[in-house]
Structures are given as C-alpha cells and as structure tokens.
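# Chain and residue survey
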Amino acid sequence: MNTELPILVLGAIAAAFAVVSILIAALIGPKRYNRAKLQAYECGIEPTPHAVAGGTGNLAGQRFPVKYYLTAMLFIIFDIEIVFLYPWAVHFDALGVFGLAAMALFIVNVSVAYAYEWRRGGLSWD
C-alpha cells in the first residue's frame, strides 16, 4: 500500500483541481450569452445545410474546403518529425552509421510530405 499511496494522492489532487476549476469558472465566469456565442464554431466556416441521403429536399450540400485538413496534416507531419528527432539527437553518438541512414531516410519521407503540403497550398495563409 505504501508504493501506491503517492499515486493515489496525486490522482486525488488532480481530480480536486479539475472539480475546483470547473466550479470556479461556473461561479465567476460571464453569464451574458447571445446567439453568436451559442452557435457551434467549426474552423471559421459558416455551417451550411446538407441534403439528407435519399431525401428529396432542395438543400444541396456544398463542398467543404480542405484548408483545415491541410493545416492539420502539416501539424501532424512536423509533430511526428519532432517526436522522432529528439531521441535521435540524444543518442546520436551511440547509433552510428545505421542511425544516420535511418534518420536520413526519415528526413526524406518528411520532405516528401512537406513538398506535398507546399504544392497543395497548405503553407499559404490567404
């Protein structure tokens, strides 16, 4: 029981912090709501009605821009790159030529994904 006690105490502190944070936010947070604040926000694009599958309504679904997904893909590419570069940088001397070749292959793969993002316009913010 002595080895699990610090973990239980840490879990209790984390749970108490979460509950207290929610209560304080509910007590002292702003209470003035308007229609714009209550609407769902999805990546800055106004939601449009889509046609129901098999329905005969006249609400035609519109194409959803892929700019949001390109930005998310860019984040994932560089996030994964950093996750793999940290251990390689820490153990650079111990890995030898095999580690250097593996990292060069990894950098080539990341460069291909980066070039794809660049060609698709994921790096332009207009």
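Keep in mind it's a predicted model, so treat the numbers as computed, not measured. (Residues numbered from 1 in each chain as written. Predicted model: local features only at pLDDT ≥ 70, side-chain atom pairs only at ≥ 80, totals over all residues. Heavy atoms only, no water.)

## Describing the overall build of the protein
Of the regular secondary structure elements, the protein holds 4 helices and 0 strands. Listing each helix as α and each strand as β along the protein from the N terminus yields α-α-α-α. Going through the 126 residues of the protein one by one, you find that 10% of them count as buried. By element, 70% of the accessible surface of the protein is carried by carbon and sulfur atoms, the whole surface being about 11100 Å². (Helix = DSSP H or I, 4+ residues; strand = E, 2+ residues; numbered from the N terminus. Buried < 20%, exposed > 50% of the residue type's maximum accessible area, 1.4 Å probe, protein only. Areas by Shrake-Rupley, 256 points an atom, 1.4 Å probe, with all protein chains shown as cover.)

## Overview of the nonpolar core
Residues I77, M103, F106, V110 and A113 constitute the largest nonpolar core, which totals 5 residues. Once you skip the residues sitting within four places of it in the chain, I77 turns out to touch V110, A113 and E117. (Core = buried A, V, L, I, M, F, W, Y, C linked by side-chain atoms within 4.5 Å. Contact = heavy atoms within 4.5 Å.)

## Focus: the environment of M73
Inspection of the secondary structure puts M73 in helix α3 (residues 67-90). The class of M73 is partly exposed, set by a relative accessible area of 32%. Leaving out residues up to four positions away in the same chain, M73 has contacts with Y116 and E117.

## Points about a nonpolar patch on the surface
The grouping of F75, I76, I80, V83 and F84 at the surface amounts to a nonpolar patch, some 500 Å² of accessible area in total. Within the secondary structure, F75 is located in helix α3. Note on F75: relative accessible area 56%, which makes it exposed. (Patch = residues over 30% accessible without salt bridge, like charges linked within 9 Å, V, L, I, M, F, W, Y side chains within 5 Å. Salt bridge = Lys/Arg side-chain N within 4 Å of Asp/Glu carboxyl O.)

## Regarding the UniProt feature "transmembrane region" (unreviewed entry) in the protein
Those residues carrying the UniProt feature "transmembrane region" (unreviewed entry) are residues 6-28, 68-89 and 95-116 in this numbering. As a span, residues 68-89 carries 100% helix and 0% strand, and end to end its C-alpha atoms are 32 Å apart. As annotated, residues 95-116 comprises 100% helix and 0% strand, and the C-alpha atoms at either end are separated by 30 Å. (UniProt positions renumbered as here; feature names shortened; annotations may be inferred.)

## With respect to the packing of aromatic side chains
Applying the stated criterion to the full structure yields 3 aromatic pairs. Both rings, one in F78 and one in Y114, keep their centres 5.8 Å apart while their planes meet at 70 degrees; by these two values the pair is edge-to-face. Pair noted here: F78 is in helix α3 and Y114 is in helix α4 (residues 92-120), with a separation of 36 residues, a long-range link. Exposure remark for F78: the relative accessible area of 32% places this residue in the partly exposed category. Ring geometry for F84 versus F106: centroids 5.3 Å apart, planes at 70 degrees, classification edge-to-face. Within this pair, whereas F84 is found in helix α3, its partner F106 is found in helix α4, the two being separated by 22 residues in sequence. Since its relative accessible area comes to 46%, F84 is described here as partly exposed. (Phe/Tyr/Trp six-rings, centres within 6.5 Å; stacked < 30°, edge-to-face > 60°.)

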